[in-house]
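Chain residues, written in single-letter form:
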Amino acid sequence: MRMMILALAVLLLAAPALATVTITATQVGETKVVEISYDAESETELVRAFALDITVTDGNIVDINDFAIGDDNGGYGIFPGNFSRFITVNSTTGNVDDWGAAGYTPVADGADPGAQGGLGTPGITIEMGALYDAVENAPGKIGVLCTITVSDDCTVNLALNGMRGNVVLETAEEPLDPVDLVGCEVVTAPPECFDSLHPDYDEWVSVGKPESWCYKYQCYGDADGKKNGNIVIGFARVRVEDLNILVTGWKT
């Protein structure tokens, strides 16, 4: 039975349809991790499969995680582009005995027709379908498809991949509205200059994280992190320039 449903899912993926679905990229905190989620709450049908291009304006997409794998698990764990490459179907039962094959991910091979370059490049194509016997094991109408990791601050863009299948519903009925795709900006916080393990770290935070605390010679009075002076009088880490900064900031 599952083999018949899988065949149907593959056929549906080849016959694109639009849906009342919102697909959103959201940065996780100030990290380089981006969550790819979907919302089909307003759609009368469940979504059977997704085929999406995810691209970045700077750097590369270096990893993908947090995706479902396999069938009957309430998620989109069937990856049509990679199924035949990595998954073996038990010839006796018609089921898959092991979904844990290394390399079995939603990322389409960069050599596949219409696919983005893949991990380590600025773009990936993900193909994700649902396979289940019982309704209670079907995906929800709102959920997370996966997370990706990018190498640099960038803009993450989402697009439907028409050649690989777009978004496919449970039936062939025309959906009400087109898919809404929402990208995001990835801006990560610069690393702090003051060691978080230093015993004075909490005090540094409480006084506004002054940059001067991070200077190597701050303990000797260096307030600007520079050598000041000239070739005539010589250069020194602590001079009148540092005193002026001290005076300006006194008791503030």
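Nothing here was measured: the structure is a model prediction, and the numbers come from that model.

When you look at the sheet that holds strand 9 (residues 180-182) in this model, what are you seeing that I'm missing?
Read from one edge to the other, the open sheet built from 5 strands follows the order 4-6-2-1-9, with strand pairing classed as mixed. Of all strands in the sheet, those bounded by a partner on one side alone are strand 4 (61-65) and strand 9. Averaged over all pairs of adjacent strands, the angle between their axes in this sheet comes to 20 degrees, without regard to strand direction. In the sheet, strand 4 pairs with strand 6 (residues 142-150) via 4 bridges, with the strands oriented antiparallel. Note that in strand 6 the partner of D63 across the bridge is T149.

Would you mind showing me how to read unusual backbone geometry here?
With phi around 55 degrees, D72 is a residue other than glycine that occupies positive phi space. Mapped onto the elements, D72 comes out in the loop between strand 4 and helix 2 (80-86). Its identity as a non-glycine residue notwithstanding, N166 has a phi of 60 degrees, on the positive side. Here N166 shows up in the loop between strand 7 (154-160) and strand 8 (167-169).

Hey, could you run me through the state of the cysteines in this one?
Disulfides are covalent bonds that link the sulfur atoms of two cysteine residues. On inspection of all chains with the given rule, the structure shows 1 disulfide. Here C193 connects covalently by a disulfide to C214, the sulfurs 1.8 Å from one another. Looking along the S-S bond of the C193-C214 disulfide, the torsion reads about 55 degrees, which is the right-handed sense. Of this pair, C193 sits in the loop between strand 10 (184-186) and helix 3 (201-206) while C214 sits in the loop between helix 3 and strand 11 (228-230), placing them 21 residues apart in sequence. Of the residues examined, C193 reaches a relative accessible area of 45% and is grouped as partly exposed. The class of C214 is partly exposed, set by a relative accessible area of 24%. Take C146: it sits in no disulfide, and the sulfur closest to it among the cysteines is that of C184, at 12 Å. C219 takes part in no disulfide bond, and the closest cysteine sulfur to it belongs to C214, at a distance of 13 Å.

What counts and how
Residues numbered from 1 in each chain as written. Predicted model: local features only at pLDDT ≥ 70, side-chain atom pairs only at ≥ 80, totals over all residues. Heavy atoms only, no water. Pairing = 2+ DSSP bridges. Helix = DSSP H or I, 4+ residues; strand = E, 2+ residues; numbered from the N terminus. Axes fitted to C-alpha atoms, helices over the stretch in contact; angles between N-to-C directions. Disulfide = S-S within 2.5 Å. Buried < 20%, exposed > 50% of the residue type's maximum accessible area, 1.4 Å probe, protein only.

What is shown is where atoms sit, not what they do.
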